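# Remarks on the overall topology
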Amino acid sequence: PPHLANRIRVIPNYVSHQFTSGQDINVKKDNIIMAAGRLASVKNYIDLINAWKILAPEFPDWQVKLFGTGPLQNTLQRKILELDIEDTFSLQGQKNDLYEEYLHSSIFCHPAIHEGFGLVAAEAMALGTPVVFYGDCPGVNSFVKSGYNGLAADRNLGPGDLADKLRYLMRESEERKRLGANAQNSVQNFSVEKYKQTWFKLIN
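So, here is what we can say about the structure in this document.

For the rest of this paragraph, the subject is the overall build of the protein. Within the protein one finds nine helices and six strands. The globule rule puts the C-alpha radius of gyration for 204 residues at 17 Å, and the 17 Å found for the protein is close to it. With respect to the principal axes defined by its C-alpha atoms, the protein has extents near 55 × 40 × 30 Å. By residue count, 47% of the 204 residues in the protein fall in the buried class. Of the contacts made within the protein by residues no fewer than 6 positions apart, 74% connect residues no fewer than 24 positions apart.

As structure tokens, then:
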């Protein structure tokens, strides 16, 4: 409501020091597209599955790993089996420490409908992994900038455009490196120190 709008203050989440402590992103990236989050409708992983159905025949040496659990786990698994992509698209379940997964993945895909922030995308970026996302996703689009540290797909064009953006990065290793380097630099401000300072300033 208008009488509350001017009282709202936004404090971005922070990325753990584990991910932002200056790790070398020049490690070997594997042919992996990674996704992580709750397996719920708002995360829209069905679009990633449908996009991969398009791409899988073109890229037999690539795979998709989706980490997380949630109410749609069985639905997503059935869809993977229905589309006959289970050899290259896997549901990895819950994993508490995703550091190595972020580090060695070449692309992070986050097709969510909306986010408050999008912490998993920021963590992936901190380890030099560019993000493919839908450009109208609030939260994520506040720090992932298409052509700079990731690529934005058009939600109106659906999984086909998501597949196009993934295809481009899968083919262009130098572009992945460029976007990945920018990605790491662009989340350095999301520190726990700045997070605390912003809260103290607001409270004071």
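Now for helix 8 (residues 173-186). With 14 residues, helix 8 extends 20 Å between its outermost C-alpha atoms, agreeing within 8% with the 20 Å of an ideal straight helix rising 1.5 Å per residue. Those residues of helix 8 that are buried are in contact with strand 4 (105-110), helix 6 (119-126), strand 6 (150-153) and helix 7 (159-171).

Take the sheet that holds strand 5 (residues 131-134) next. Reading across the sheet, the six strands line up as 3-2-1-4-5-6 and stay open at both edges, with parallel pairing between neighbours. Both edges of this open sheet fall to strand 3 (89-93) and strand 6, since each of them pairs with a single strand only. Put simply, the sheet's adjacent strands are angled 25 degrees from each other on average, direction ignored. Pairing of strand 5 with strand 6 involves four bridges; the strand directions are parallel. What sits directly across from V131, in strand 6, is G150. Those strands touched by helix 4 (residues 73-82) are strand 2 (63-67) and strand 3, and its axis lies near 160 degrees from that of strand 3.

By size, the foremost hydrophobic cluster in this structure holds 32 residues, and its most contacted members are I33, W52, F89, L166 and M170. Apart from residues no more than four positions distant in its own chain, M170 is found in contact with I33, W52, L55, F59, W62, I107 and R176. With 28 residues, the next largest nonpolar core counts Y99, A121, M125 and C137 among its residues.

This brings us to the pairing of strand 1 (residues 30-36). The buried fraction of strand 1 is high, at five of seven residues. Note that strand 1 and strand 4 share three bridges and pair parallel. Pairing of M34 across the sheet is with F108, part of strand 4. Direction of pairing for strand 1 relative to strand 2: parallel, over a ladder of five bridges. The partner of A35 across the bridge, within strand 2, is L66. For the crossover that starts at strand 1, traverses helix 3 (residues 45-55) and ends in the parallel strand 2, the hand is right-handed.

Parameters at a glance
- Residues numbered from 1 in each chain as written.
- Predicted model: local features only at pLDDT ≥ 70, side-chain atom pairs only at ≥ 80, totals over all residues.
- Heavy atoms only, no water.
- Helix = DSSP H or I, 4+ residues; strand = E, 2+ residues; numbered from the N terminus.
- Rg over C-alpha atoms; globule rule 2.2 N^0.38 Å.
- Buried < 20%, exposed > 50% of the residue type's maximum accessible area, 1.4 Å probe, protein only.
- Contact = heavy atoms within 4.5 Å.
- Expected span 1.5 Å × (residues − 1).
- Pairing = 2+ DSSP bridges.
- Axes fitted to C-alpha atoms, helices over the stretch in contact; angles between N-to-C directions.
- Core = buried A, V, L, I, M, F, W, Y, C linked by side-chain atoms within 4.5 Å.
- Right-handed = clockwise from strand over helix to strand, strands pointing away.

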